[in-house]
Amino acid sequence: PRKIIIDTDPGQDDAVAILLALGSPEDIEVLGITAVAGNVPLALTQRNARIVCELAGRRDIPVFAGCDRPMQRPLVTAEHVHGKTGLDGPQLADPTMPLQDMHAVDFIIDTLRREPPNTVTLCPLGPLTNIATALQRAPDIIPRIQEIVLMGGAYFEVGNITPAAEFNIYVDPQAADMVFKSGIPLVVMPLDVTHKALATAPRIEAFRALGTEPGRMVAEWTDFFERFDKQKYGSAGAPLHDPCVIAYLLRPALFEGRHINVEIETTSELTLGMTVADWWRVTKRPANALFIGALDAGAFFDLLTERIARL
Ligand code: BDR
Ligand code: CA
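My aim in this report is to walk through the structure given alongside it, one point at a time. Just so it is clear, the model here is predicted, and its values are computed rather than measured. (Residues numbered from 1 in each chain as written. Chains lettered and ligands numbered in written order. Predicted model: local features only at pLDDT ≥ 70, side-chain atom pairs only at ≥ 80, totals over all residues.)

Structural notes on the sheet that holds strand 4 (residues 120-124)
Spatially, the 8 strands line up as an open sheet ordered 3-2-1-4-5-6-12-9, and their pairing is mixed. Two strands close off the open sheet at either side, each with one partner strand: strand 3 (63-65) and strand 9 (255-260). Direction aside, the axes of adjacent strands within the sheet are offset by 25 degrees on average. One ladder, built from 7 bridges, connects strand 1 (residues 2-8) with strand 2 (residues 28-35); its direction is parallel. Paired with Arg2 across the two strands is Ile28, which belongs to strand 2. Across the sheet, helix 2 (residues 42-55) lies against strand 1, strand 2 and strand 3, angled at about 175 degrees from strand 3, the strand it touches most. The sheet contacts of helix 4 (residues 104-114) involve strand 1, strand 2, strand 3, strand 4 and strand 5 (145-151), and relative to strand 2 the element is tilted by about 150 degrees. (Pairing = 2+ DSSP bridges. Helix = DSSP H or I, 4+ residues; strand = E, 2+ residues; numbered from the N terminus. Axes fitted to C-alpha atoms, helices over the stretch in contact; angles between N-to-C directions. Contact = placed C-beta atoms within 7 Å.)

Next up, the structure:
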């Protein structure tokens, strides 16, 4: 199985992504989950990550708390999307599995130094603060990272937190800039693809029909998400942004994209956090990312439902 670290700010869609990974043990080995401030503050994201591990029956997965604010800017959160807890929808009890003592950034650095080079993939599902802090503090890990597969950015679908920017990149544009300039192989799941991974009412019912506790939770989380997206954007369902990252590791052939240059806007107040993606290759700037634009949504939901069913 492919070894990964999930860096996350759960978030209902982060939670579904974690469940997809934990439901796929023959393909993916989750070395640890690192929480970051994003959708809600760190105290909640680390708690939510533990709730999700317990739901999957995986109290053995080490969960670490990382950075509680972006590198240079004040934290912006998204309770208007995810609710006060970040996992609004179902009733959830407090987790009982412990939080690890080690800081998430130290865990990322230690793991990459300990594991053989090019055997660990990073899967960021939130702002890139933990990842960039690790790269800055320990540049020796950069050539040891196999790949970073992340959710963030947008091109044709532009912004969901400002007219120009997607939430994860907007919250910590300096961190994103470091990651995109790092030279590490990058696969990017922008809104252009995640807005095609829509949990519609029948797809949500398929989760509920599994008749398991994880199935019911996924249904209630996506239900909560769906109501917001329908009201706000009139979309046909809830976009499952973060699960696209894990689905890509499992079935890359479900996705289509282009190797292009992507730069991050870090100064303009108007377009801060914009992913300036050279989709039409109008510059000579070298490609630094595989920027995904499309997926086979039917096959994606079949895979997701099948893996959640195993938990
Ligand atoms: C991203 O922001 C968060 O709200 C979601 O969890 C996802 O990672 C989408 O813009
Ligand atoms: Ca997220």
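Having seen it, we continue.
Observations concerning the pairing of strand 2
Between the parallel pair strand 1 and strand 2, the chain is carried across by helix 1 (residues 12-22), and the sense of this crossover is right-handed. Where strand 2 and strand 3 come together, 3 bridges link them in parallel fashion. Considered in strand 3, the bridge of Ala35 is made with Ala65. (Right-handed = clockwise from strand over helix to strand, strands pointing away.)

Brief notes about the packing of helix 5 (residues 129-137) against helix 7 (residues 173-180)
Closest axis-to-axis distance for the helix 5/helix 7 pair is 8 Å, and the angle between their directions is 55 degrees. Between helix 5 and helix 7, the angle falls in the class oblique. Helix 5 and helix 7 meet at a crossing whose hand is left-handed. Facing Thr129, Ile131, Ala132, Leu135 and Gln136 of helix 5, the residues of helix 7 in contact are Ala175, Met178 and Val179. A breakdown of the residues in the contact of helix 5 with helix 7 according to their chemical character gives 6 nonpolar, 2 polar and no charged. (Parallel < 35°, antiparallel > 145°, perpendicular 65-115°, else oblique. Left-handed = near helix turned anticlockwise from the far one by under 90°. Nonpolar A, V, L, I, M, F, W, Y, C, P; charged D, E, K, R; others polar.)

So, unusual backbone geometry
The amide bond that connects Pro10 to the next residue, Gly11, takes the cis arrangement and shows omega of 0 degrees. Following the sequence through the fold, Gly11 ends up in the loop between strand 1 and helix 1. A positive phi angle, close to 60 degrees, is found at Asn118, a residue other than glycine. Along the chain, the position of Asn118 falls in the loop between helix 4 and strand 4. Judged by local crowding, Asn118 falls into the exposed class, with 12 C-beta atoms found within 10 Å. One non-glycine residue, Arg281, lies in the positive phi region at around 50 degrees. As for its position among the elements, Arg281 is in the loop between strand 11 (275-277) and strand 12 (289-295). (Buried ≥ 20, exposed ≤ 12 C-beta atoms within 10 Å, placed from the backbone.)

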